[in-house]
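For reference, the chains in residue letters:
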Amino acid sequence: MRFVIMGISVILLSGCASFAWVHPDHSDSAQYNRDDYECTREAQQGGQTNISLYYSCMVARGYRNQKQ
């Protein structure tokens, strides 16, 4: 029982980790905002954002989703 509680705690706490898109060549927030906006627009399908397309777009622009 103790291991079950510990396992659940670890899963719940790992959900609190935050991630951020980082680009190795620049840290310009204006450039990030433009890329984010354009990738969000490209990933829109029927009023919803296709997360897989959004991630692919950001990766294609040189970003990586890094744990903070």
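This structure is a prediction, so every number in the text was calculated from the model and none was measured.

So, how was this worked out
- Residues numbered from 1 in each chain as written.
- Predicted model: local features only at pLDDT ≥ 70, side-chain atom pairs only at ≥ 80, totals over all residues.
- Heavy atoms only, no water.
- Helix = DSSP H or I, 4+ residues; strand = E, 2+ residues; numbered from the N terminus.
- Buried < 20%, exposed > 50% of the residue type's maximum accessible area, 1.4 Å probe, protein only.
- Contact = heavy atoms within 4.5 Å.
- Areas by Shrake-Rupley, 256 points an atom, 1.4 Å probe, with all protein chains shown as cover.
- Axes fitted to C-alpha atoms, helices over the stretch in contact; angles between N-to-C directions.
- Parallel < 35°, antiparallel > 145°, perpendicular 65-115°, else oblique.
- Left-handed = near helix turned anticlockwise from the far one by under 90°.
- Nonpolar A, V, L, I, M, F, W, Y, C, P; charged D, E, K, R; others polar.
- Salt bridge = Lys/Arg side-chain N within 4 Å of Asp/Glu carboxyl O.

Scanning the protein chain for helices and strands turns up three helices and four strands. When the helices and strands of the protein chain are read in sequence order from the N terminus, they spell out α-β-α-β-β-α-β. Relative to its full complement of 68 residues, the protein chain shows a buried share of 15%. For the protein chain, the proportion of contacts with a sequence separation of at least 24, taken over those separated by at least 6, is 62%. Counting every atom, the protein chain has about 5,400 Å² of accessible surface; 57% of that belongs to carbon and sulfur.

Now for the packing of helix α2 (residues 29-43) against helix α3 (residues 51-60). Two elements in contact, α2 and α3, have axes whose closest approach is 8 Å; the angle formed by their N-to-C orientations is 140°. Comparing the axis directions of α2 and α3 gives the class oblique. When the axes of α2 and α3 are compared, the crossing they make is right-handed. Contacts from Tyr32, Asp35, Asp36, Cys39, Thr40, Glu42 and Ala43 in α2 reach Leu53, Tyr54, Cys57 and Met58 in α3. Residues that form the contact of α2 with α3 fall into these classes: seven nonpolar, one polar and three charged.

Next up on the list: the pattern of salt bridges. Counted under the stated rule, the structure contains three salt bridges. With a shortest N-O distance of 3.0 Å, Arg61 and Asp35 are connected by a salt bridge. With Arg61 in the loop between α3 and β4 (64-67) and Asp35 in helix α2, this residue pair connects regions lying 26 residues apart in the sequence. By relative accessible area, Asp35 is classed as buried at 7%. Among the charged side chains, a network of salt bridges with common partners joins Asp35, Glu38, Glu42 and Arg61.

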